[in-house]
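# Report on the structure
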Amino acid sequence: MFSAPEKPTEVFGLKFKNPVGLAAGYDKDGIAMRGLAALGFGHLEIGTVTLRPQSGNPRPRVFRLVEDQAVINRMGFPGEGAIKVERHVLSNVEQPRSTIIGLNLGKNKDTPLEDAAQDYIALMKPFSAVADYLAINISSPNTVGLRRLQGRDMLENLLSAIGKERQAVARAGSKHRPILVKIAPDLSEEELEDAIDVILRTGMDGVIATNTTLGREGLASSHQIETGGLSGKPLRVRSEIVLMQVLKKLDGRLPVVSVGGIMCPEDAKRRLDMGAALVQVYTGMVYAGPGLVKKIIRAV
Ligand SMILES: Cc1cc2nc3c(=O)[nH]c(=O)nc-3n(C[C@H](O)[C@H](O)[C@H](O)COP(=O)(O)O)c2cc1C
């Protein structure tokens, strides 16, 4: 196995050995971090982790749309819950660390939307101690109501509470961690503008664009009728459009992590050339295999 060349970059105060990361949802519980790090990733986004363990949706809940080089998933945040994931991350992280570790946080299915902030806040303390950055997931389509947290008022309440908790956690002796907000590809231009305004106003450190889409345009596979979020090649164009809109709106004030439909090294290079600070892959690995990571690193 050839090793990946170093392509160091500094983003939101963290030093990444290269700009290519693993998107959330692949190692939800932090059990495969060493093997994943060995693929060459500059960062791994672990999670989505929820406060309490939960089983997610009944199987089958992941579908390959082979003709479309796509996946539809309706996992619904299955996971072992915060206490166990924290333990896994602590024991599975490489020592010394050469890969940046992000923790992607979500809310339990049975937490009412009005109380969502409490879930995110309770997750911040343990994971600020073990993660290099935190990602706030308000964009998965498989937890009922979650994406409503992207609306102006709910987002303002949520991110203000998260910002305050970060200060409290830092006062209590943990490090001040960068916080990124992961958004959906299905927001209207106006909704996106509102979300970016709030993200800037509440002092967040970056945007991850995008999660999976509810869109189903131009698909050939019979699995297209399945409920869930679509990822992979058919998401590419939408994800690029959202990246462009977000970059324009942010105007250099915050870095953007681009994810969605990056299937080959050229796709990744394009996102970085457009202005993304980092890229992440998931479905591309499903179709191209784990060797994709080092191919991308060499190309960018
Ligand atoms: C099976 C599966 C599970 C996922 N789980 C999560 C998750 O738990 N949290 C999250 O933020 N995104 C999750 N995602 C979304 C990915 O992180 C990524 O944003 C999306 O798949 C688009 O990238 P891609 O086209 O490279 O796959 C999941 C995607 C897939 C395919």
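Please refer to the structure placed before this passage.
Computed from a prediction, not measured in an experiment: that's the story for all the values here. (Residues numbered from 1 in each chain as written. Predicted model: local features only at pLDDT ≥ 70, side-chain atom pairs only at ≥ 80, totals over all residues. Heavy atoms only, no water.)

### Here we look at helix 6 (residues 236–250)
An ideal rise of 1.5 Å per residue puts 21 Å on 15 residues; helix 6 measures up with 21 Å between its terminal C-alpha atoms. Asp251 sits one or two positions beyond helix 6 and adopts a positive phi of about 50 degrees. (Helix = DSSP H or I, 4+ residues; strand = E, 2+ residues; numbered from the N terminus. Expected span 1.5 Å × (residues − 1).)

### Things to note about the site of the ligand
Taken together, 21 residues form the shell around the ligand, and within it Ala24, Thr48, Lys182, Gly261 and Thr283 come nearest. In this structure, Asn137 approaches the ligand through a side-chain N or O atom, which is 3.1 Å from an oxygen atom. With respect to the ligand, the side chain of Lys182 contributes an N or O atom lying 2.8 Å from an oxygen atom. Protein contacts shield 97% of the accessible area of the ligand, which totals 610 Å² for the unbound molecule. Class assignment of the residues belonging to the shell around the ligand gives a composition of six nonpolar, 13 polar and two charged. (Near = heavy atom within 4 Å. Polar contact = N/O pair within 3.5 Å; in protein donor to acceptor, adjacent residues only side chain to side chain. Areas by Shrake-Rupley, 256 points an atom, 1.4 Å probe, with all protein chains shown as cover. Nonpolar A, V, L, I, M, F, W, Y, C, P; charged D, E, K, R; others polar.)

### What to know about the sheet that holds strand 5 (residues 62–65)
Taken in spatial order, the three strands make up an open sheet running 5-6-11, and their pairing is antiparallel. What marks the edges here is a single partner per strand, and that holds for strand 5 and strand 11 (229–232). Within the sheet, the average angular offset between the axes of one strand and its neighbour, ignoring direction, is 25 degrees. (Pairing = 2+ DSSP bridges. Axes fitted to C-alpha atoms, helices over the stretch in contact; angles between N-to-C directions.)

### Details of unusual backbone geometry
Of note, the amide linkage connecting Gly47 to Thr48 takes the cis form, showing an omega dihedral of 10 degrees. Structurally, Thr48 is set in strand 4 (residues 43–49). The peptide bond linking Ala209 to Thr210 adopts the cis configuration, its omega dihedral lying at 20 degrees. In this structure, Thr210 sits in the loop between strand 10 (206–209) and strand 11. Even without a glycine there, the phi angle at Gln69 is positive, about 50 degrees. Among the secondary structure elements, Gln69 is positioned in the loop between strand 5 and strand 6 (70–73). Residues other than glycine seldom take positive phi values, yet Phe77 does so here, at roughly 55 degrees.

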